[in-house]
Amino acid sequence: MRSWMLALALLTVVSATAAAQTAAQVPSKAPDRAAQLTEHNEQSANQIQPPNEVMDLLGIRPGLVIVEVGAGRGRVTVHLADRVGNTGKIYANDINPQALDYLKQRVVRLGLTNVETLLGAEDDARFPANTLDMVFMAWVFHHVEQPVPLLKSLLPSLRPWGAVVMVEPTPAHTESTGRALTRELVSKEAASAGFTLDAMVEGRLKEDNIFVLRPAVPDVPESRDRQKVRALWEQYLAWRKTTKGGAYPPDPRGYAVSLERDGVPWPEVRRRFQILRAQATEQPEGIEMIYDPLYSKPLTGDLAKDGFKTAPNTFLVESMKAIRPGGQALDVGAGMGRNGIHLAKLGWEVTGMDLSAGGLAVMRASAEKAGLKVQTVKSSYEAFDFGVERWDLLAVILAWVPVEEPAFLARLKRSLRPGGHIVFESNIQRTDQPFPPGVHAVQPGVLRQLFNDFDILVYREEDDYGDWGGPPTPLVRMVARKRAR
């Protein structure tokens with residue numbers, strides 16, 4: 001899963017002020033502290049499922065209130081308690097009273113004062129109502145004999161932004177005594193209990209998957225009304241301006257608290273929260289709030305640490321070998337300008353457009369350092385003036401453009417001069433774990449149809465490693481030339 005998708009998927013389970021940044025931006029505890037919290041017989045388990053790595057992936061930070069279901073003797077509990085600190089709290093639940101007795105003594109030895117043990121039942125976790133940011137399970141759910149009753153018992157305990165997170169072995173690493181947890185099985189059990197499977201994070205842990213469940217909300221017409229959704233978003237933005245510095249990314253948790261204070265019924269708070277959360281990739285302000293901090297952090301050149309490639313896109317580099325340089329080039333969704341800078345070095349007069357002021361600032365600085373000239377325009381796709389027969393080259397690389405919308409597609413095509421080229425790379429929509437609507441992933445075969453009035457020089461649909469890391473993902477790559485009149 002891409003780092004930005006992981007951040008959005010886990011948006012509801014992190015603190016309001018720091019929120020779900022990429023894992024590289026969440027500070028791990030020092031290794032020596034982790035060693036102090038680990039008992040000798042836990043070392044092998046922690047090598048397979050490192051507590052700090054798991055907490056980093058989940059964005060667990062000081063101040064959170066978390067329940068661990070099946071805490072046992074506290075292998076993970078003590079690390080959670082250490083991470084959330086004195087401003088947070090951990091409820092440790094288990095059906096084994098002897099294990100909880102041991103855990104009580106253990107936290108005293110370690111000086112952890114923020115842990116409370118709770119004796120539960122197999123079908124009832126018995127947690128306090130409306131108090132939890134997260135319910136966490138590690139290697140537990142695949143052993144639960146009555147999963148639906150257990151999940152149902154969790155619903156009342158979650159705050160409007162709360163989520164259930166389960167770190168469980170992949171089917172290939174599941175013991176014979178446990179259930180093999182597939183996406184289909186977990187999704188079915190979640191739905192039966194009043195949840196939706198919001199995300200399944202694969203490939204980030206060697207032997208485990210992460211399942212994120214969120215309470216289901218009613219599908220009502222106003223949740224799909226674009227004007228009403230925009231009005232909710234604008235209310236949130238107005239509230240955000242009243243908070244110190246605002247929250248990154250657009251985490252409406254604090255807003256949800258304010259709605260509760262104003263007497264908005266709890267189910268309605270949850271509905272609004274879900275809508276606002278989804279708008280992070282739909283509304284231009286949401287995209288800015290995600291990418292400005294992402295692009296402003298120091299780059300290392302390491303894909304795993306940065307969350308994206310800093311080198312120019314491979315397909316663009318290959319494609320430009322067959323296109324004579326020179327003329328006006330538009331880098332659509334330029335980000336930090338890695339592709340636009342490459343085009344400028346080839347001799348193109350480059351304009352980079354993007355919503356992120358932070359990204360465009362990096363682009364200008366990189367161009368100046370290289371002795372190049374580029375123009376930058378901060379704009380949304382809706383507001384940007386593409387012009388008429390203005391560009392000789394359009395570089396549209398992983399840019400989330402609404403190419404499936406006829407009006408936008410017409411503007412894009414009209415802006416290209418006859419004989420000009422478009423180099424396009426984007427995601428293909430998946431039936432399994434689909435991309436959010438804001439990504440504008442195209443359906444298989446559709447891009448070729450959309451550009452059937454162009455000369456298509458290169459067209460490939462393939463599973464490949466993208467510029468944002470993660471496992472191979474379905475991509476469409478195209479080079480097309482506008483026909484002369």
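Just above sits the structure.
The following refers to the structure shown. (Residues numbered from 1 in each chain as written. Predicted model: local features only at pLDDT ≥ 70, side-chain atom pairs only at ≥ 80, totals over all residues. Heavy atoms only, no water.)

Here we come to the pattern of salt bridges. Tallied over the full model, the rule gives 25 salt bridges. Between Arg109 and Glu39 there is a salt bridge, with its nearest N and O atoms 3.3 Å apart. Highlighted residues: Arg109 in helix α6 (residues 97-110) and Glu39 in the loop between α2 (31-37) and α3 (43-48), separated in sequence by 70 residues. The buried category is assigned to Glu39, whose relative accessible area is 17%. (Salt bridge = Lys/Arg side-chain N within 4 Å of Asp/Glu carboxyl O. Helix = DSSP H or I, 4+ residues; strand = E, 2+ residues; numbered from the N terminus. Buried < 20%, exposed > 50% of the residue type's maximum accessible area, 1.4 Å probe, protein only.)

Another aspect to go through is unusual backbone geometry. Despite not being glycine, Asn130 has its phi angle at roughly 50°, a positive value. Counting through the fold element by element, Asn130 comes out in the loop between β3 (115-119) and β4 (132-138). Accessibility expressed as a relative area gives 24% for Asn130, which makes it partly exposed. Backbone geometry places Trp400, a non-glycine residue, at a positive phi of 60°.

It is at 10 Å that the axes of helix α9 (residues 226-241) and helix α10 (residues 253-261) come closest, and there the two elements cross at 100°. It follows that α9 is roughly perpendicular to α10 by the angle criterion. Together, Gln235, Tyr236 and Trp239 of α9 and Gly254, Tyr255 and Ser258 of α10 make up the contact between the two elements. Taken together, the residues of the contact of α9 with α10 sort by class into three nonpolar, three polar and no charged. (Axes fitted to C-alpha atoms, helices over the stretch in contact; angles between N-to-C directions. Parallel < 35°, antiparallel > 145°, perpendicular 65-115°, else oblique. Contact = heavy atoms within 4.5 Å. Nonpolar A, V, L, I, M, F, W, Y, C, P; charged D, E, K, R; others polar.)

Here we come to the environment of Trp391. Turning to its location among the elements, Trp391 is positioned in strand β11 (residues 391-397). Under the relative-accessibility criterion, Trp391 is labelled buried at 1%. Taking the C-alpha atoms as reference points, Trp391 and Pro418, 27 residues apart in sequence, are found 9.3 Å from one another. With residues near it in sequence (within four places) discarded, Trp391 still touches Gln328, Ala329, Leu330, Thr351, Phe384, Phe386, Ser415, Leu416 and Arg417. Here Phe386 takes part through its backbone oxygen, which lies 3.0 Å from a polar atom of the side chain of Trp391. (Polar contact = N/O pair within 3.5 Å; in protein donor to acceptor, adjacent residues only side chain to side chain.)

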